[in-house]
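Spelled out, the chains give:
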Amino acid sequence: MVLKVFFPSCCSSADSGILVGRWLAEQSSAVVLAVVHFPFIPVQVKQYLGEVQRVTGVSLSVLGSWSNSKQEKEEGLSEFLEDLGTIFSHEPWIQISKEGDSKFWSCSTLRKRSSSPKEEEVILVYYDQRKVMLSHLHPPLDTADGRAEDASKLSAIFDTVARSRVLFMTDRYDEGPIKLTHWQSEGVEASIIVELLKQASVPACMLLTFLLSLVSGICRSRVLKFWPLSFLWSKLSTCEQLGHRLQHLQVISSDKKAQTQTQLMRKANIFVSLLIDVALGILLMSWLYRKNRIGHLADTLIPMADRVAEELQDLLQWLMGAPAGLKMNRALDQVLGRFFLYHIHLWISYIHLMSPFIEMILWYVGLSACLGLTVALCILSDIIALLTFHIYCFYVYGARLYCLKIYGLSSLWRLFRGKKWNVLRQRVDSCSYDLDQLFIGTLLFTILLFLLPTTALYYLVFTLLRLLVVIVQGLIHLLVDLIDSLPLYSLLLRLCRSYRLAAGVKFRVLEQQDGKPLRLLMQVRP
C-alpha cells in the first residue's frame, strides 16, 4: 500500500511541531496544510481545529509530527513527538523529519491499532500552497474513466487547500496560543485599498442594481413598443450597444454569487472590459473637448458631405453618357440619371439646412463618450449611416428595379416556352397560350431584355457604393465586438498569474534513494 503525503514547500524550514491537515482515506493521501509549533496545549489545538472545521466544512485533524533536526536541541524531542500520537490518536500517525542539511527526508508511519503492522511505502509530494489555493482544477468531462478518476483525486486536494482559506488568516503578528507555519505565516497578503473597495462595493452595487432595475423597467415599458420607437431601437446600433451594456451591468451588479469558476471568470472579464471601455471613452472625450476640436470637426463635415455629393453627381453624369464605351438605352438612362440627381439635390439642401446645428449636435454627441468608447463608435456608425442615407436609397431603388426586371424576364421566359408557374402546387406546369398572348409576351420580353443592361449597370454601381459603406461600418462594429468580447482579465491572468488558469499538474522527481521516501514536486500547469 502506497501512502501519499502532500507537503507544502513553505513549511520545509519550519520549526518542529505537529502537522495539521486532512486525511483522504479513499485515496490513502494526507494533505498537510500547516505546522503547529511548540509550545501548545493539545486541547486548544483541538478547539481551534473544530472552529475551523465548522467554518470551512473540511474535516481537519492532526496528522502527525514534524521534526527539523537542524533546529533540534533537545535529545528527547523525537520521543515526545512520537508520544503525541497517543494524545491526538490519528491512524496512521505520520512522522516526517528533516535530517540537517541532507536532501533526503525520513518519513514513516505508525499504526498502533493494527494487529500486523506492515511497512508502508511513502511518497512525499511537495506543492506550492499559494498557487494550489488560488488555482482551480476541475476534472475533465470528455476523458476516459481512468483519467477522469485521477483528475478528480487531484481536484479533491486542490479543493481541500482552497476551502481552508480561514486557516491561513493568521500570521506571526497575531497574538494567540497557537503559532502556525503556512504560506501566509510571514504576513497575510492584504491591501488597504482592496479592503476599502470591498466595503464600498456593497452599497455601490445596491444603488447600481436599483438604477439598473429602473432603467430596465423603462426599456421594457410599452412606450418603446410603438412603431417609431421600436423601429429606431432595432435599427440604431447605439441603442443595441446600450442594451448590451445594460445586460453586462446587470450581470456585474447581481447579488448572486458565482457558483462556478466559469461564471466568476465571465463576471471578471465583463468588469475589466467595461472599465477599459469607459476609460478609453473618457480619454476620447477629453481629446475632443480640447483645443476646440469639435468645432473643427463640424467645419470639416459640411465640405466633406458636399465633396461626396459632387463625386456622386459626376458619377451619374458619367453613367448618363457612354460609361466605359457601353451603349445604354438613352431614354431610360436619362430618366434614371435625373431621378438620382434630384435625390442628391434634396440631400445637399438637407445638409445645408442642418449645418447651423451640426456643431451643437456633435458637442452633445461627444458627451456620450463617457459611457464608453464602444458607445461612441456606435454613434459614429449611426452618423455614417445617416450621412450616406442617399446612397442606401440609390441601392434600394436600383435593387428593386433590377429584381422586378429579373422576375418579369423569368415569367415571360416561361410564357415564351409554353410554361407557367403553378402557385398552388409550387411548381412549373405546361400551359397553352393564345397567339395574342404569345405575341405580347414576346414583345415585352424583348423590351425588358434590351433595358436590362442599363438597369444592371446602375444596380452594380450603387451596390459597390453601398458595399463600401457597409465595409466601413463593419470595421467599426468589429472593433466594438472586440472590446466587448475580448477576455482581458483572462489574458492578464495568463500573463501575470498563469497558475490561476490551471489546466492540470505535472510531477517532477526531485530525489530518489533506497530506504528513503520518493520525493516529487507537483507543479501547476497553466
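This structure is a prediction, so every number in the text was calculated from the model and none was measured.

Participant: What am I meant to see in the overall build of the protein chain here?
Facilitator: A tally of regular secondary structure across the protein chain gives 14 helices and twelve strands. Counting only residues that meet the buried cut, the protein chain has 38% of its 526 residues in that class. Considering only intrachain contacts with a sequence separation of at least 6, the fraction spanning at least 24 residues in the protein chain is 69%.

Participant: Explanation requested: helix α9 (residues 293-319) in the structure shown.
Facilitator: The α-helix advances 3.6 residues per turn, and as a result positions three or four apart in sequence lie on the same side. Here α9 is 27 residues long and its end C-alpha atoms lie 39 Å apart, about the 39 Å a rise of 1.5 Å per residue gives. Where α9 is buried, its residues meet α8 (261-288), α10 (330-367), α11 (373-387), α12 (389-416) and α13 (435-485).

Participant: Which parts of the structure should I look at to understand unusual backbone geometry?
Facilitator: Most peptide bonds take the trans configuration, and most residues that are not glycine carry a negative phi. Phi angles above zero are rare outside glycine, and Lys 291 is one such case at about 60°. Counting through the fold element by element, Lys 291 comes out in the loop between α8 and α9.

Participant: Honestly, α12 in this entry has me stumped. Any pointers?
Facilitator: Its 28 residues give α12 an end-to-end C-alpha distance of 40 Å, which sits within 8% of 40 Å, the value for a rise of 1.5 Å per residue. When α12 is considered as a whole, its buried residues turn out to be His 390, Ile 391, Cys 393, Phe 394, Gly 398, Ala 399, Lys 405, Gly 408, Leu 409, Leu 412, Arg 414 and Leu 415. For α12, the elements touching its buried residues are α9, α10, α11, β9 (419-422), β10 (427-430) and α13. Just downstream of α12, Gly 418 is the residue with a positive phi angle, here 80°.

Participant: For this particular structure, what's the right way to read the side chain of His 248?
Facilitator: Position of His 248 among the secondary structure elements: in helix α7 (residues 237-252). A polar atom in the side chain of His 248 sits 3.0 Å from the side chain of Arg 245. For His 248, the contacting residues outside a window of four places in its chain are Ile 270 and Asp 484.

Participant: Please clarify how the packing of α7 against α13 should be interpreted in this entry.
Facilitator: Working note: a packed helix pair is described by the angle between its axes plus the distance between those axes. Between α7 and α13, the shortest axis-to-axis distance is 13 Å and the interhelical angle comes to 5°. Here α13 runs roughly parallel to α7, going by the angle between their axes. Contacts from Ser 237, Gln 241, His 244, Arg 245 and His 248 in α7 reach His 477, Val 480, Ile 483 and Asp 484 in α13.

Participant: How do you make sense of the pattern of salt bridges when you look at a structure like this?
Facilitator: Once their charged atoms are close, side chains differing in charge can pair, the charge on each being opposite to the other. Here the structure, examined in full by the defined rule, presents four salt bridges. One salt bridge in this structure joins Asp 159 and Arg 163, with 3.0 Å as the shortest N-O distance. Here Asp 159 pairs with Arg 163, and both are found in helix α4 (residues 145-163), just four residues apart, close to one helical turn. Using a relative accessible area of 33% as the deciding quantity, one classes Arg 163 as partly exposed. The salt bridge partner of Arg 245 is Asp 277, with a shortest N-O separation of 3.0 Å. Residue Arg 245 is found in helix α7, and its partner Asp 277 is found in helix α8; the two are separated by 32 residues along the sequence. Look at the salt bridges and you will find they share partners, linking Arg 245, Asp 277 and Asp 484 into a network.

Participant: I'm lost on the pairing of β10 in this one. Help?
Facilitator: Looking along a regular strand, one sees the side chains alternate between the two faces of the sheet. Inspection of the sheet shows β9 paired to β10 by four bridges, in the antiparallel sense. Each residue of the ladder has a partner; that of Lys 420, found in β10, is Asp 429. In this structure, the hairpin formed by β9 and β10 is closed by a connection of four residues, where Gln 426 is found at a positive phi of approximately 55°.

Participant: Honestly, the packing of aromatic side chains in this entry has me stumped. Any pointers?
Facilitator: Aromatic rings in a pair are described by how distant their centres are and how their planes are angled relative to each other. Within this structure, the stated rule accounts for 16 aromatic pairs. When the ring of Phe 7 is compared with that of Trp 66, the centres are 5.3 Å apart and the planes differ by 35°; the resulting orientation is tilted. Linking Phe 7 in strand β1 (residues 2-8) with Trp 66 in strand β4 (residues 61-68), this pair joins segments that are 59 residues apart in sequence. Judged by relative accessible area, Phe 7 falls into the buried class, the value being 0%. The structure contains a cluster of three or more aromatic residues connected by ring pairs, namely Phe 339, Phe 340, Phe 394, Tyr 397, Tyr 458 and Phe 462.

Participant: I would appreciate a short explanation of the UniProt feature "transmembrane region" (unreviewed entry) in the protein chain in the present structure.
Facilitator: As annotated in UniProt, the feature "transmembrane region" (unreviewed entry) corresponds to residues 200-219, 270-289, 335-354, 361-388, 394-416, 437-461 and 467-492 in the numbering used here. Regarding residues 335-354, the helix share stands at 100% and the strand share at 0%, and the terminal C-alpha atoms are separated by 29 Å. The span residues 361-388 carries 79% helix and 0% strand; its end-to-end C-alpha distance comes to 18 Å.

Participant: In this structure, what is going on with the packing of α10 against α12? I would like to understand it.
Facilitator: Following both chains from N to C, one finds α10 and α12 inclined at 155°, their axes separated by 10 Å at the closest point. In this view, α10 runs roughly antiparallel relative to α12, as classed from their interaxial angle. For the element pair α10 and α12, the recorded crossing hand is right-handed. Residue-level contacts link Leu 332, Leu 336, Phe 339, Phe 340, His 343, Ile 344 and Trp 347 of α10 to Phe 389, His 390, Phe 394, Tyr 397, Leu 401 and Lys 405 of α12. Residues that form the contact of α10 with α12 fall into these classes: ten nonpolar, two polar and one charged.

Participant: Explain the nonpolar core to me, please; I cannot follow it from the model alone.
Facilitator: One broad trend across soluble globular proteins is that nonpolar side chains are buried collectively. Counting 40 residues, the largest nonpolar core has Val 45 and Met 522 as the members making the most contacts within it. Mapped onto this core, the elements with two or more residues apiece are β2 (17-24), β3 (29-37), α1 (42-56), α2 (77-88), β7 (121-127), α3 (129-134), α4 and β12 (518-525). By size, the runner-up hydrophobic cluster in this structure holds 26 residues, among which are Leu 316, Ile 344, Ile 391 and Phe 394.

Participant: I'm lost on the side chain of Arg 414 in this one. Help?
Facilitator: As for its placement among the helices and strands, Arg 414 is situated in helix α12. Judged by relative accessible area, which is 17%, Arg 414 ranks as buried.

Participant: Before we go on, may I ask you to explain the state of the cysteines in this structure?
Facilitator: A disulfide bridge is the covalent bond that connects two cysteines by way of their sulfur atoms. Scanning all chains against the criterion turns up zero disulfides. Cysteine Cys 11 remains unbridged, with the sulfur of Cys 10 as its closest cysteine sulfur at 4.0 Å. Cysteine Cys 378 is unpaired, with the sulfur of Cys 239 as its nearest cysteine sulfur at 9.8 Å.

Participant: Looking at this model, I keep getting lost on the environment of Leu 501. Mind explaining?
Facilitator: Tracing the backbone through its elements, the reader meets Leu 501 in the loop between α14 (488-496) and β11 (504-511). In this structure Leu 501 comes out as partly exposed when scored by relative accessible area, which is 26%. Separated by 25 residues in the primary sequence, Leu 501 and Pro 526 place their C-alpha atoms 5.6 Å from one another. Setting aside its immediate chain neighbours within four residues, Leu 501 contacts Met 265, Ser 490, Leu 493, Arg 494, Arg 525 and Pro 526.

The rules behind the values
- Residues numbered from 1 in each chain as written.
- Predicted model: local features only at pLDDT ≥ 70, side-chain atom pairs only at ≥ 80, totals over all residues.
- Heavy atoms only, no water.
- Helix = DSSP H or I, 4+ residues; strand = E, 2+ residues; numbered from the N terminus.
- Buried < 20%, exposed > 50% of the residue type's maximum accessible area, 1.4 Å probe, protein only.
- Contact = heavy atoms within 4.5 Å.
- Expected span 1.5 Å × (residues − 1).
- Polar contact = N/O pair within 3.5 Å; in protein donor to acceptor, adjacent residues only side chain to side chain.
- Axes fitted to C-alpha atoms, helices over the stretch in contact; angles between N-to-C directions.
- Parallel < 35°, antiparallel > 145°, perpendicular 65-115°, else oblique.
- Salt bridge = Lys/Arg side-chain N within 4 Å of Asp/Glu carboxyl O.
- Pairing = 2+ DSSP bridges.
- Phe/Tyr/Trp six-rings, centres within 6.5 Å; stacked < 30°, edge-to-face > 60°.
- UniProt positions renumbered as here; feature names shortened; annotations may be inferred.
- Left-handed = near helix turned anticlockwise from the far one by under 90°.
- Nonpolar A, V, L, I, M, F, W, Y, C, P; charged D, E, K, R; others polar.
- Core = buried A, V, L, I, M, F, W, Y, C linked by side-chain atoms within 4.5 Å.
- Disulfide = S-S within 2.5 Å.

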